[in-house]
Amino acid sequence: MAAEHPAPVVRQLRLVVEAADHEAAVAFFRDALGLREEAAFSGDGDARVVILDAGRATLEIANPAQKRMIDEVEVGRQVAPRIRVAFEVDDARETTSRLVAAGASEIAPPTRTPWQSLNARLAAPADLQITVFQELHPPEERAETDGASTGRDRSDRS
């Protein structure tokens, strides 16, 4: 019998990024990438924050070997810092072109991965390295890919 899991207590994931050039970072992520502005606040001493809706959030925990493997697949060498932000998009090629035109530097062009997505790596404002990725197959087909499993797969084995 599968173990009972308590109801999730986390309601939202927020990744907070310090950007020295706040306006450029907001323009890039809101206007070029297309993240919807949810709220904006300001305070004393020119304190400013803009909260952008990035759709569904996940926290991807990778061990060093996986991080190296992703760099190899996407870029051909190790380049990622400890934290990299990935955005699922409808068209990785078009999004990459638009983001480069908006000031990002292309680290690697859209590349087909073994897990059946099209991934491009970019250096973005706020000193972030980002991946834009396009899923090439529906989730049920991706689950059939070598090395893929879901949390349910693991909990069902206990």
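Structure shown above.
Predicted, not measured: the structure shown is a model, and the values here were computed from it.

1. Quick notes on the overall build of the protein chain
Right, so step 1: What the protein chain contains, in helices and strands, is five helices and six strands.
Right, so step 2: When the helices and strands of the protein chain are placed in sequence order, the string is α-β-β-α-β-α-β-β-β-α-α.
Right, so step 3: The buried share of the protein chain, taken over its 158 residues, is 27%.
Right, so step 4: On the protein chain, roughly 11000 Å² of surface is accessible, and the fraction owed to carbon and sulfur atoms is 51%.

2. Things to note about the nonpolar core
Right, so step 1: Counting residues in hydrophobic clusters, the biggest one holds 18 residues, and the most contacted among them are F28, F29, L33, F87, L99, I130 and V132.
Right, so step 2: Breaking this core down by element, the ones donating at least two residues are α1 (22-32), β3 (85-88), α3 (92-101), β5 (117-124) and β6 (128-135).
Right, so step 3: A total of four residues in this core trace back to one element, the largest contributor, which is β5.
Right, so step 4: Each residue touching F28, except ones within four places of it in the same chain, is listed here: L33, L99, A102, A104, A124, P125 and I130.

3. Quick look at the environment of G55
Right, so step 1: Within the secondary structure, G55 is located in the loop between β2 (47-53) and α2 (64-74).
Right, so step 2: Residue classification places G55 among the exposed residues on the basis of a relative accessible area of 54%.
Right, so step 3: Taking the C-alpha atoms as reference points, G55 and E88, separated by 33 residues in sequence, lie 9.3 Å from one another.

4. What to know about α2
Right, so step 1: Those residues of α2 that fall on the buried side of the exposure criterion are I70, D71 and E74. The buried residues of α2 occupy one face: seen down the axis, they fall within an arc of 100°.
Right, so step 2: Packed against the buried residues of α2 are β4 (105-112), β5 and β6.
Right, so step 3: Positive phi shows up at G76, right after α2, with a value of about 95°.

5. Some words on the side chain of Q134
Right, so step 1: Mapped onto the fold, Q134 is located in strand β6.
Right, so step 2: Of the polar contacts made by the side chain of Q134, one reaches the backbone oxygen of D90; its length is 3.4 Å.
Right, so step 3: Discounting residues that sit within four places of it in the chain, Q134 has contacts with V89, D90, D91, A92, S117 and L118.

6. What to know about the packing of aromatic side chains
Right, so step 1: Tallied over the full model, the rule gives two aromatic pairs.
Right, so step 2: An angle of 85° between the planes, with centres 4.9 Å apart, marks the rings of F28 and F29 as edge-to-face.
Right, so step 3: Given the relative accessible area of 9%, F29 is considered buried.
Right, so step 4: Ring geometry for F29 against F87: centres 6.2 Å apart, planes inclined by 40°, an arrangement best described as tilted. Note that F29 is positioned in helix α1 and F87 in strand β3, a separation of 58 residues in sequence.
Right, so step 5: Put simply, the rings of F28, F29 and F87 pair up and form one aromatic cluster.

7. Brief notes about the sheet that holds β6
Right, so step 1: Across the sheet, which stays open at both edges, the four strands sit in the order β3-β6-β5-β4 with mixed pairing between neighbours. Looking at the sheet topology across the chains shown, the edges are occupied by β3 and β4. Each strand of the sheet is rotated relative to its neighbour by a mean of 15°, with strand direction disregarded.
Right, so step 2: With eight bridges connecting them, β5 and β6 associate as antiparallel partners. Residue pairing in the sheet places A120 in a bridge with V132 of β6.
Right, so step 3: Here α1 sits on the sheet in contact with β3, β5 and β6, set at roughly 5° to β6.

Criteria and thresholds
Residues numbered from 1 in each chain as written. Predicted model: local features only at pLDDT ≥ 70, side-chain atom pairs only at ≥ 80, totals over all residues. Heavy atoms only, no water. Helix = DSSP H or I, 4+ residues; strand = E, 2+ residues; numbered from the N terminus. Buried < 20%, exposed > 50% of the residue type's maximum accessible area, 1.4 Å probe, protein only. Areas by Shrake-Rupley, 256 points an atom, 1.4 Å probe, with all protein chains shown as cover. Core = buried A, V, L, I, M, F, W, Y, C linked by side-chain atoms within 4.5 Å. Contact = heavy atoms within 4.5 Å. Arc of directions from axis to C-beta. Polar contact = N/O pair within 3.5 Å; in protein donor to acceptor, adjacent residues only side chain to side chain. Phe/Tyr/Trp six-rings, centres within 6.5 Å; stacked < 30°, edge-to-face > 60°. Pairing = 2+ DSSP bridges. Axes fitted to C-alpha atoms, helices over the stretch in contact; angles between N-to-C directions.

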